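Chain residues, written in single-letter form:
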Amino acid sequence: MLAERTPIVLSNWKMNKTVNQSLDYLANLMRETGSQGRRMEIILCVPFSLIKIMADKLDGPSLIAVSGQNVHWEDWGAYTGEISAPMLADLGAQFCMIGHSERRKYFAETDEMVNRKALALLKSGVRPIVCIGETREERQLELTINILEKQLRVCFNRFSASDLEQTVILYEPRWAIGTGNVANSDQIAEAHHYIRQELQRLFSPPSADRTRIIYGGSVTPDNIAAISKIEDVDGVGVGGASLDLPNFLKIVNAIPTP
Ligand code: PGA
């Protein structure tokens, strides 16, 4: 973890929590982290229904930011059931996750769609969290690097260097999500190193060096110490283990901060 890059701990709630549950979680998280004075960002990726009420509670300087989990690439129009980047900005979302493996698997989201969504978010001042990662079959066929190369090339098409620096990259091997099969340190180190190298080639070494690349997939309080020691890992994305606040706090507190 490079000192200039502020570490991120991201919590992906997926399709979980009611209004009351979310306010309770947030109040306790603010109490537990408020006085720490640490340099880190805690990003809560929550259902659309919770963004505004949570963002309204955070309207001062805070380690905590609220994020959407999906967005449409158009600003408005006849897209029933969708939400746009200006709407997310209006609700107070500072970030939005795109291309999560569950979106790719259940909603046929492609790298081209992720690219359009990312550009729409940047235009509205919402910072994209772009999820990439290989399937189990792709890893078994030793295609991981090829897949990452294609995802980076397509998802970041027409990006400027400053667009890249606004963006967080969440490397989540699809076989590690929700399975308890966390990637091992060598696999994580290799992927993160490759991603940074490729960003250096596609953009520039300084921009690549300023971009946060975080790991997700079965992160728990038991494996966080090992993961956070890996070079080029600037934080973690946590799903299942972040729904319970005491568990999530163990992960937050284990992240070394500069
Ligand atoms: P998991 O999910 O931590 O439950 O594996 C990670 C994610 O979906 O971002």
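Going by the structure above, here's the rest.
Residues numbered from 1 in each chain as written. Predicted model: local features only at pLDDT ≥ 70, side-chain atom pairs only at ≥ 80, totals over all residues. Heavy atoms only, no water.

### Regarding the packing of helix H1 (residues 19-34) against helix H12 (residues 245-254)
Working step 1: In the contact formed by H1 and H12, the axes pass within 11 Å of each other and the chain directions differ by 35°. For the pair H1 and H12, the sense of crossing is right-handed. For the pair H1 and H12, contact is made by Tyr25, Asn28, Leu29, Glu32 and Thr33 and by Leu245, Phe248, Leu249 and Val252, respectively.
Working step 2: Within the contact of H1 with H12, the residues separate by chemical class into 6 nonpolar, 2 polar and 1 charged. (Axes fitted to C-alpha atoms, helices over the stretch in contact; angles between N-to-C directions. Helix = DSSP H or I, 4+ residues; strand = E, 2+ residues; numbered from the N terminus. Left-handed = near helix turned anticlockwise from the far one by under 90°. Contact = heavy atoms within 4.5 Å. Nonpolar A, V, L, I, M, F, W, Y, C, P; charged D, E, K, R; others polar.)

### Remarks on the sheet that holds strand E4 (residues 95-98)
Working step 1: The strand order around the closed barrel formed by 8 strands is E1-E2-E3-E4-E5-E6-E7-E8, and the pairing between neighbours is parallel. Strand-to-strand twist of the sheet, defined as the mean angle between neighbouring strand axes without regard to direction, takes the value 25°.
Working step 2: Bridging between strand E1 (residues 8-12) and strand E2 (residues 41-45) involves 5 bridges; their strand directions are parallel. The residue bridging valine 9 from the neighbouring strand is isoleucine 42, located in E2. (Pairing = 2+ DSSP bridges.)

### Things to note about the site of the ligand
Working step 1: Taken together, Asn12, Lys14, His100, Glu172, Ala176, Ile177, Gly178, Gly217, Ser218, Val238, Gly239 and Gly240 form the complete shell of residues around the ligand.
Working step 2: Contact distances for the ligand include 3.5 Å between an oxygen atom and a side-chain N or O atom of asparagine 12.
Working step 3: Contact with the protein chains removes 95% of the 280 Å² of surface that the ligand exposes when unbound.
Working step 4: By residue class, the composition of the shell around the ligand is 3 nonpolar, 7 polar and 2 charged. (Near = heavy atom within 4 Å. Polar contact = N/O pair within 3.5 Å; in protein donor to acceptor, adjacent residues only side chain to side chain. Areas by Shrake-Rupley, 256 points an atom, 1.4 Å probe, with all protein chains shown as cover.)

### Let's talk about the side chain of arginine 104
Working step 1: Along the polypeptide, arginine 104 turns up in helix H4 (residues 101-107).
Working step 2: We classify arginine 104 as buried; its relative accessible area is 12%.
Working step 3: Separated by 3.0 Å, the side chain of arginine 104 and the backbone oxygen of cysteine 131 make a polar contact.
Working step 4: In this structure, arginine 104 is in contact with Gly99, Glu109, Thr110, Asp111, Val114, Cys131, Ile132, Gln151, Cys155 and Arg174, ignoring residues within four places of it in sequence. (Buried < 20%, exposed > 50% of the residue type's maximum accessible area, 1.4 Å probe, protein only.)

### Description of H12
Working step 1: Regarding H12, the residues found buried are Leu245, Phe248, Leu249, Ile251 and Val252. Within H12, the buried residues cover an arc of 160° as seen down the axis, which keeps them to one side. Exposed residues pointing more than 90 degrees away from the buried face of H12 are listed as Pro246 and Lys250.
Working step 2: Close packing links the buried residues of H12 with E1, H1, E2, helix H11 (224-228) and strand E8 (235-238). (Arc of directions from axis to C-beta.)

### Describing the packing of helix H5 (residues 111-123) against helix H7 (residues 144-155)
Working step 1: One way to put it is that H5 packs onto H7 with a least axis distance of 8 Å and a crossing angle of 40°. Every pair of crossing elements has a handedness; the one defined by H5 and H7 is right-handed. Contacts between H5 and H7 pair Asp111, Glu112, Val114 and Asn115 from the former with Lys150, Gln151, Val154 and Cys155 from the latter.
Working step 2: In terms of residue class, the contact of H5 with H7 is built from 3 nonpolar, 2 polar and 3 charged.

### A closer look at the pairing of strand E6 (residues 168-171)
Working step 1: Burial of E6 is two-sided: the residues Val168 and Leu170 facing one way and the residues Ile169 and Tyr171 facing the other way are all buried.
Working step 2: As paired strands, E6 and strand E7 (residues 212-216) are joined by 4 bridges and run parallel to one another. Within E7, the residue paired with isoleucine 169 across the bridge is isoleucine 213.

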